[in-house]
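# Chain and residue survey
For reference, the chains in residue letters:
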Amino acid sequence: MDPLLQAALDARGNAHAPYSDFQVGAALECDDGRVYTGCNIENATYGLTVCAERVALLKALSEGARKFRRIAVAADTDRLTPPCGACRQLLWEFCGDAEVILVNPRGRTESFRMKELFPRPFDDSFL
Ligand code: THU
């Protein structure tokens, strides 16, 4: 299996999801090959939950990474789990038309470009 997909599946093991019991992992690949992983982290207020994709992205940004190629998202669903709307907004702004690869623990995968998942974005080109 592609190591990026395996990294997303492994990161899913660190999910803190006691409220939804829905564990998600993500692995974000920089243009220089570095990989930052994330998992969803829930909170007793529910609303402060942070998705796996945003954890991976914020980790990468806070370490100085700025150019990204691909992100893998892992969840245990047969209909593969895509990034939520909030994550799509941030992925678009920081990763542009990156490749988004969805995967489940049985090795099923599906690949999209951000433009397919987020076809008419609001971004800094309007400001
Ligand atoms: N979640 C993610 O981490 N990423 C997704 O792509 C979809 C949803 C999380 C948020 C919450 O902790 C749980 O999954 C259920 O919505």
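### Some remarks on the side chain of glutamate 53
Turning to its location among the elements, glutamate 53 is positioned in helix H2 (residues 52–62). In contact with glutamate 53, other than residues within four places in its own chain, are Ala26, Ile71, Val73, Pro82, Pro83, Cys87 and Leu91.

### A closer look at the side chain of asparagine 40
Position of asparagine 40 relative to the elements: it lies in the loop between strand E2 (35–39) and H2. Polar side-chain contacts of asparagine 40 include one of 2.8 Å to the backbone oxygen of phenylalanine 22. At 2.9 Å, the side chain of asparagine 40 and the backbone nitrogen of valine 24 are in polar contact. Residue contacts for asparagine 40: discarding those within four places in its chain leaves Ala15, His16, Ala17, Phe22, Gln23, Val24, Val50, Cys51 and Ala52.

### A short note on the site of the ligand
Close contacts around the ligand come from Ser20, Phe22, Val24, Asn40, Glu42, Thr49, Cys51, Ala52, Glu53, Pro82, Pro83 and Cys84, and that covers them all. Between an oxygen atom of the ligand and a main-chain N or O atom of alanine 52, the distance comes to 2.9 Å. Between the ligand and the protein, one listed contact pairs an oxygen atom with a backbone N or O atom of proline 82 at 3.1 Å. Within the complex, 80% of the 370 Å² of free accessible area of the ligand lies under protein.

### Considerations on the pairing of strand E3 (residues 68–75)
Across the eight residues of E3, seven count as buried, placing the element largely inside the fold. Judged from the five bridges that link them, E3 and strand E4 (residues 99–103) form a sheet pairing that is parallel. Across the sheet, alanine 72 pairs through a bridge with isoleucine 101, a residue of E4. In terms of handedness, the path from E3 via helix H3 (residues 85–95) over to E4 forms a crossover that is right-handed.

Procedures and definitions
- Residues numbered from 1 in each chain as written.
- Predicted model: local features only at pLDDT ≥ 70, side-chain atom pairs only at ≥ 80, totals over all residues.
- Heavy atoms only, no water.
- Helix = DSSP H or I, 4+ residues; strand = E, 2+ residues; numbered from the N terminus.
- Contact = heavy atoms within 4.5 Å.
- Polar contact = N/O pair within 3.5 Å; in protein donor to acceptor, adjacent residues only side chain to side chain.
- Near = heavy atom within 4 Å.
- Areas by Shrake-Rupley, 256 points an atom, 1.4 Å probe, with all protein chains shown as cover.
- Buried < 20%, exposed > 50% of the residue type's maximum accessible area, 1.4 Å probe, protein only.
- Pairing = 2+ DSSP bridges.
- Right-handed = clockwise from strand over helix to strand, strands pointing away.

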